[in-house]
Amino acid sequence: DAGITQSPRYKITETGRQVTLMCHQTWSHSYMFWYRQDLGHGLRLIYYSAAADITDKGEVPDGYVVSRSKTENFPLTLESATRSQTSVYFCASSASGYTDTQYFGPGTRLTVL
Amino acid sequence: SQKIEQNSEALNIQEGKTATLTCNYTNYSPAYLQWYRQDPGRGPVFLLLIRENEKEKRKERLKVTFDTTLKQSLFHITASQPADSATYLCALDTGGGNKLTFGTGTQLKVEL
């Protein structure tokens, strides 16, 4: 019963570096989501995917890239990290979209120096 | 402007009492609303979903109400326990069923 996992759990990087956050789910859920959580802003959607090879922008997509070649994986890449991308990142999945339960991973705490 | 508001101040209550958390929204017409629990250092966990045509929903000690006229949802935990201490997030359908927007959450502390 692995569920949804994220790696790494903690990451420190420098401005300008490329960083990839991994997300893996074992339920074969169609939908996957990436959120960032910052004090005072709550959870904000970065990107989502309705199925393999189908992705779409959320509320705050600038500076991020996603891909979904396999149903179970949904990596998030920061192409050139900036200090404003310091945050806690959560991946989530659901069987059939927003009206369904979203299952969240444990989060990745990213610090950009 | 569109807003989702949850009380940013922590709610402190005594064990055994009913905790009531509020989620207010403006300029949205959500078809449904969800409540999540988040513990420190962990991802949110889904608790309940209530649809616009449902006034109230219950699950064990939890009760959610949804008043589309007042643009408000209330989340109740009866017979609260210290283990209920966490941050509770409301999330609204803000895109006709295709977008979920989260509030900033309210921290609940249940004291012995």
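Let us look at the structure shown here. (Residues numbered from 1 in each chain as written. Chains lettered and ligands numbered in written order. Predicted model: local features only at pLDDT ≥ 70, side-chain atom pairs only at ≥ 80, totals over all residues. Heavy atoms only, no water.)

Let us look at the overall build of chain B. Of the regular secondary structure elements, chain B holds zero helices and 11 strands. Its helices and strands in sequence order give chain B the pattern β-β-β-β-β-β-β-β-β-β-β, from N to C terminus. Expected size for 112 residues packed as a compact globule is a radius of gyration near 13 Å; at 13 Å, chain B falls within 12% of this value. Considering chain B as a whole, with its 112 residues, one finds that 45% of them fall into the buried category. Within chain B, counting contacts between residues at least 6 apart in sequence, those at least 24 apart form 54% of the total. (Helix = DSSP H or I, 4+ residues; strand = E, 2+ residues; numbered from the N terminus. Rg over C-alpha atoms; globule rule 2.2 N^0.38 Å. Buried < 20%, exposed > 50% of the residue type's maximum accessible area, 1.4 Å probe, protein only. Contact = heavy atoms within 4.5 Å.)

On to the nonpolar core. Counting residues in hydrophobic clusters, the biggest one holds 23 residues, and the most contacted among them are B:Trp35, B:Phe75, B:Tyr88 and B:Leu92. For this core, the secondary structure elements donating two or more residues are strand S3 (19-26), strand S4 (32-38), strand S5 (45-51), strand S7 (62-67), strand S8 (72-77), strand S9 (86-93) and strand S11 (106-111) of chain B. (Core = buried A, V, L, I, M, F, W, Y, C linked by side-chain atoms within 4.5 Å.)

This brings us to the interface of chain A and chain B. Interface size is commonly expressed as the accessible surface area that is lost when the partners come together. Listed per partner, the contact involves 16 residues of chain A and 19 residues of chain B. Of the roughly 1,300 Å² buried where chain A meets chain B, counting both sides, 57% is carbon and sulfur surface. By the criterion of area lost to chain B, the three top residues of chain A are A:Leu43, A:Tyr98 and A:Thr99, representing 40% of everything that side buries. Our count for the contact surface shared by chain A and chain B stands at zero salt bridges. Joining chain A to chain B, the criterion identifies one residue pair in polar contact (both at pLDDT 80 or more). Elements supplying a minimum of two residues to the side of chain A that touches chain B: strand S4 (31-38) and strand S5 (42-51) of chain A. When the residues that make up the side of chain A that touches chain B are grouped by side-chain class, the tally is six nonpolar, eight polar and two charged. (Buried area = accessible area lost by both parts, 1.4 Å probe. Salt bridge = Lys/Arg side-chain N within 4 Å of Asp/Glu carboxyl O. Polar contact = N/O pair within 3.5 Å; in protein donor to acceptor, adjacent residues only side chain to side chain. Nonpolar A, V, L, I, M, F, W, Y, C, P; charged D, E, K, R; others polar.)

So, about the environment of B:Asn98. All names here are of chain B. In this fold, Asn98 is placed in the loop between S9 and strand S10 (100-102). The exposure class assigned to Asn98 is exposed, which follows from its relative accessible area of 52%. Here the alpha-carbon distance between Asn98 and Ser1, two residues 97 residues apart in the chain, equals 20 Å.

Going through the model one piece at a time under the given rule, you end up with two disulfides over all chains. Note on cysteine connectivity: A:Cys23 is disulfide-linked to A:Cys91, with sulfurs 1.8 Å apart. A torsion of -75° about the S-S bond marks the disulfide between A:Cys23 and A:Cys91 as left-handed. Here A:Cys23 is found in strand S3 (residues 19-25), whereas its partner A:Cys91 is found in strand S9 (residues 87-94), with 68 residues between them in sequence. Taking the relative accessible area as the measure of exposure, A:Cys23 reaches 1% and is therefore buried. Looking at A:Cys91, the relative accessible area reads 0%, which means it is buried. Between the sulfur atoms of B:Cys23 and its disulfide partner B:Cys90 the distance amounts to 2.0 Å. Residues B:Cys23 and B:Cys90 share a disulfide whose torsion about the S-S bond is about 60°; that sign makes it right-handed. Here B:Cys23, found in strand S3, pairs with B:Cys90, found in strand S9; they are 67 residues apart in sequence, far enough to count as distant. (Disulfide = S-S within 2.5 Å.)

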